[in-house]
Amino acid sequence: MFIIGERINGMFKDVAKAIKEKDKAVIHTLALKQVSCKASALDVNVGPASANPKEAMEWLVKTIQEVTDITLAIDTTKQDVMETGLSLCKAKPIINSANANEEKIKNLFSLAKKYNASVIGLTMDKVGIPKDSEGRMELAMKLVAACVEYGIDTSELYLDAVILPVNVAQPHAKEVLKTIRDSKMLADPAPKTVLGLSNVSQGSPSQSKSLINRTFLAMAISSGLDAAIMDVTDRELMDSMITAELLMEKQLYCDSYLEAYRKK
Amino acid sequence: MERLIEKWQDKISEVVIGAKKPITIGGETGIYFIDGEDKCPNPPRVAMEVWDMEPEAWPEVLKTNFGNALKDPVEWAKLCADKFSADLICLRLASTHPDTKNASSQEAGKTLEKILKAVSVPLIVIGSSAPEKDNEVMAHCANAAKGENCLFGIATQDNYKTLTAACLSSGHSIISEAPIDINIAKQLNILICDMQFSADKIVIHHATGALGYGLEYTYSIMERTRLAGLSGDRMLSMPMINFVGQEAWRTKEAKTGQKDTGILWEVATATAYLNSGADILVMNHPKAVEQINKAIKALKG
């Protein structure tokens, strides 16, 4: 499973403070911690409160790359901030994210081509997030078509069926799972699937959050999920992920399978 | 039509054996002998078995190749290395078994030291399959061969700690054995690595069990192991060894068949293992060794 560590995000107070005070140590620690917890990539988001997001993105990417050359997922809605981030990445980067809105497709798929980046494509557009899987699939198809149009391999597209918090949008979870299953049939090679996992437990009591996250992750893995943006430092969540993958025969069983995964 | 060449994400670890003339095994980045996919930097190697006592159960057709050398392990080793061009010598310390001569660790250690002096090819050292005695003998022998970078065996899930510790402190590599069970093979490698032993010094042996399980089971487990290793399973991405001679010459057909039956049996077994990813073949009959070396050369192209 491809795991994108979610922790370097200006929405978290410690990261916002580190960006403001240019405190490299905080970012270094967060980056290395996530790498040691087996993140495959790190999400990089300057947060909503940043006064100069472009400068903040540049500082964050450079600071992270002082300690690791891991893949980075540049996470921003602003085109110029995205380009700044992508231009600095040492490893093949990930765009987080495009959606099925035509203008977004044009802007971000051009960047993906220019910087040889993978793209996370959200199944939403100007109207919003469809309520069922059929609506999501329609937008997923647009994103797959965009790959063909811009000459990007469909296996470089990570379709994100956009999970909403279960406390306010309970019917969405099963629609997202169906979308994950169905989207494999959209192209050959099949697009990959990703989830912004923590969103599912947003607003739920803190003692339930981790449980909701790991339960949904296991369900999504059984539906064929390829990647997740999640809290890689949550050990129980990682254990659930490893176990779900084991049961899906992605890893060969042995008694110490959790340890075996972490030795990889 | 375009040929599809599989690209694997990982490679098999390389294990170096020996000190005087070290050889490297493993390092495969694809399946052996598939044109275009196989970029195996180190070809499979053939080891010949040498016992520290005359193997009474061996049939005459096998014994006759070694003559009086069967009574002297040093001569026997020299014969295999010099005349029969063995890449490695596999010393089996059969005399230490309580049911044979019950030779002491010290005696076994002396034999090992003499052979190390007499030949320059790398050594594989295995015990007598008496677990308790083996622990004592192998710990002593590992220390006696310190710095010689041998391959010691055989660690099993029930009995791996003493041998692992001995190899760790004397700098040898280790054979980890599971009874035709890929899950146990993986688990044992984890257990050995948990003792701070390097995964790059482990060679896997999938034992061929008794009572009806045979070559075809081992063959398919070896294939699965190699595919898992190449697919990124670090606890299975090790080179593999097979004790071909031991398996072939204990069959009724090899022992009692026509003159060449045993040789053919050994060659057929070894060829199958070669194609399922074997890195070291431990063999007995010089003619079988000659044939299999030809096969390796021909398959490599």
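Check the entry above for the structure.
Conventions used here
Residues numbered from 1 in each chain as written. Chains lettered and ligands numbered in written order. Predicted model: local features only at pLDDT ≥ 70, side-chain atom pairs only at ≥ 80, totals over all residues. Heavy atoms only, no water. Pairing = 2+ DSSP bridges. Helix = DSSP H or I, 4+ residues; strand = E, 2+ residues; numbered from the N terminus. Axes fitted to C-alpha atoms, helices over the stretch in contact; angles between N-to-C directions. Phe/Tyr/Trp six-rings, centres within 6.5 Å; stacked < 30°, edge-to-face > 60°. Buried < 20%, exposed > 50% of the residue type's maximum accessible area, 1.4 Å probe, protein only. Lys NZ or Arg CZ within 6 Å of the ring centre and 35° of its normal. Arc of directions from axis to C-beta. Contact = heavy atoms within 4.5 Å. Buried area = accessible area lost by both parts, 1.4 Å probe. Salt bridge = Lys/Arg side-chain N within 4 Å of Asp/Glu carboxyl O.

Trainee: What's the story with the sheet that holds strand S1 (residues 2-5) of chain A in this structure? I'm lost.
Mentor: Whenever strands of a sheet pair, they do so through backbone hydrogen bonds, lying parallel or antiparallel. Residue and element names in this part refer to chain A. The parallel closed barrel is built from 8 strands, whose spatial order is S1-S2-S3-S4-S5-S6-S7-S8. Taken pair by pair, the neighbouring strands of this sheet meet at an average axis angle of 30 degrees, ignoring direction. With 5 bridges joining them, strand S4 (residues 94-99) and strand S5 (residues 118-122) adopt parallel strand pairing. Considered in S5, the bridge of Asn-99 is made with Leu-122.

Trainee: I keep staring at the packing of aromatic side chains and nothing clicks. Help me out?
Mentor: For any pair of aromatic rings, geometry is given as the distance between the ring centres together with the angle between the planes. Inspection of every chain in the model, using the stated rule, returns 9 aromatic pairs over all chains. Between A:Tyr253 and A:Tyr257, the aromatic rings sit 6.1 Å apart at their centres with planes inclined by 35 degrees, giving tilted as the arrangement. For A:Tyr253, a relative accessible area of 38% corresponds to the partly exposed category. Among the aromatic residues, those joined into a ring-pair cluster are B:Trp51, B:Trp58, B:Phe66, B:Trp76 and B:Phe84. One Lys or Arg, A:Arg7, reaches over the ring of A:Phe12 and ends 4.3 Å from the middle of that ring.

Trainee: Where do I start with helix H1 (residues 13-21) of chain A in this structure?
Mentor: For an α-helix, the turn length of 3.6 residues means that residues three or four places apart are oriented alike. Residues and elements named next belong to chain A. Residues of H1 that are buried: Val-15, Ala-18 and Ile-19. Projected onto a plane normal to the axis of H1, the buried residues spread over an arc of 100 degrees and lie on a single side. Of the residues in H1, the exposed ones pointing more than 90 degrees away from the buried face are Lys-13, Lys-17 and Lys-20. Next to the buried residues of H1 lie helix H2 (24-36) and helix H3 (53-65).

Trainee: For this particular structure, what's the right way to read the interface of chain A and chain B?
Mentor: Bring the parts together and some accessible area is lost; that lost area is often taken as the interface size. In this assembly, 10 residues from chain A lie in contact with 14 residues from chain B. Each partner contributes to the roughly 960 Å² buried at the junction of chain A and chain B, and carbon and sulfur atoms together form 58% of this total. For chain A, the biggest contributors to the area lost against chain B are A:Leu252, A:Cys254 and A:Lys263; these three give 52% of the whole. Where chain A meets chain B, there are 1 salt bridge.

Trainee: Explanation requested: the environment of B:Asp233 in the structure shown.
Mentor: Here B:Asp233 lies in the loop between helix H7 (215-230) and strand S9 (240-243). As for B:Asp233 and B:Lys186, which are separated by 47 residues in sequence, their C-alpha atoms are 9.1 Å apart. Here B:Asp233 is in contact with A:Leu252, B:Lys186 and B:Ala228, once residues within four sequence places are set aside.

Trainee: Can you walk me through the pattern of salt bridges in this structure?
Mentor: Where side chains of opposite charge bring their charged atoms close, a pairing between them can arise. Counting across every chain of the model gives 23 salt bridges over all chains. Between A:Lys24 and A:Glu66 there is a salt bridge, with its nearest N and O atoms 2.8 Å apart. In this pair, A:Lys24 is assigned in helix H2 and A:Glu66 in the loop between H3 and strand S3 (71-75), connecting sequence segments 42 residues apart. Take A:Lys24: its relative accessible area is 34%, and that puts it in the partly exposed class. We classify A:Glu66 as partly exposed; its relative accessible area is 44%. Two residues, A:Glu156 and A:Lys92, come together in a salt bridge whose shortest N-O distance is 3.5 Å. With a gap of 64 residues between them, A:Glu156 in the loop between helix H6 (133-150) and strand S6 (157-160) and A:Lys92 in the loop between helix H4 (79-88) and S4 connect regions that are remote in the sequence. A residue is classified by how much of its surface remains accessible, and A:Glu156, at 22% relative accessible area, is partly exposed. Taking the relative accessible area as the measure of exposure, A:Lys92 reaches 35% and is therefore partly exposed. A cluster of three or more residues bridged by salt bridges with shared partners is formed by A:Glu259, A:Lys263 and B:Asp194.

Trainee: So what exactly am I meant to see when it comes to the sheet that holds strand S3 (residues 45-51) of chain B here?
Mentor: Residues and elements named next belong to chain B. Sheet architecture is closed into a barrel: 8 strands sit in the order S3-S4-S5-S6-S7-S8-S9-S10, paired in parallel fashion. Across the sheet, the mean angle separating the axes of adjacent strands is 30 degrees when strand polarity is ignored. Judged from the 3 bridges that link them, strand S5 (residues 123-126) and strand S6 (residues 151-155) form a sheet pairing that is parallel. Looking at the pairing, Ile-124 lines up with Leu-151 of S6. Running at roughly 165 degrees to S3, helix H11 (residues 286-300) makes contact with S3 and strand S10 (280-283) of the sheet.

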